[in-house]
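As a plain string of letters, each chain reads:
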Amino acid sequence: MIIQVRKKMSFVSRDKKYIVLEIGTSRNGDINYRIEGDDNTPVLVNSEDFEIISNKLPTLWVAQWYEVGSLVLRPSAWTRLGFWEEYFNGEPEAKRIYEEEKNKIIEESLSESS
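Overview of the structure.

Rules used in this analysis
Residues numbered from 1 in each chain as written. Predicted model: local features only at pLDDT ≥ 70, side-chain atom pairs only at ≥ 80, totals over all residues. Heavy atoms only, no water. Pairing = 2+ DSSP bridges. Helix = DSSP H or I, 4+ residues; strand = E, 2+ residues; numbered from the N terminus. Axes fitted to C-alpha atoms, helices over the stretch in contact; angles between N-to-C directions. Core = buried A, V, L, I, M, F, W, Y, C linked by side-chain atoms within 4.5 Å. Buried < 20%, exposed > 50% of the residue type's maximum accessible area, 1.4 Å probe, protein only.

**A few points about the sheet that holds strand β2 (residues 17-19)**
Here comes step 1: Spatial ordering of the open sheet is given by β2-β1-β6, a layout of three strands whose pairing is antiparallel. The sheet is open, and its two borders are formed by β2 and β6 (50-54), each paired with just one other strand. Averaged over all adjacent pairs, the angle separating strand axes in this sheet is 35°, with direction ignored.
Here comes step 2: Pairing of strand β1 (residues 2-5) with β6 involves four bridges; the strand directions are antiparallel. Residue pairing across strands places V5 opposite F50, the latter belonging to β6.

**Regarding the sheet that holds strand β3 (residues 22-25)**
Here comes step 1: Read across the sheet, five strands follow the order β5-β4-β3-β8-β7 without closing on themselves; strand pairing throughout is antiparallel. In the strand order of this sheet, the two ends are held by β5 (42-46) and β7 (61-65), each with one partner. Geometrically, the sheet is characterised by an average inter-axis angle of 25° between neighbouring strands, direction not taken into account.
Here comes step 2: Bridge analysis of β3 against strand β8 (residues 71-75) gives three bridges, and the strand direction is antiparallel. Following the sheet pairing, I23 is matched in β8 by L73.

**Some thoughts on the nonpolar core**
Here comes step 1: Residues V20, Y33, I35, F50 and W78 are the most contacted members of the largest nonpolar core, which totals 25 residues.
Here comes step 2: Secondary structure elements with two or more residues in this core: β1, β2, β4 (31-36), β5, α1 (83-88) and α2 (92-113).
Here comes step 3: The element contributing the most residues to this core is α2, with four residues.

Printed below as a string of structure tokens:
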């Protein structure tokens, strides 16, 4: 899935296209995308600030349902409890898993859009 920014933001470029690494919904109806910002940090962004360029979903995504009413589509390797905390704490194994899954998503997304 590929998106493009609709409005100016500090961590993404206006005319740049971004590959969606994860999609999450909340029980109040908000939809968030996880992308890599311009500094290569994975960030959550509100879907309303982006236009969808390609709606093809990565084949390696799985659905993870939470009892609070939210749903997340992402690689199964990222569904482990504490994964993102470990990633942002700089744990080498979490960083390796993130890069591996991210590269698979990028490769698949770019092959679909060409």
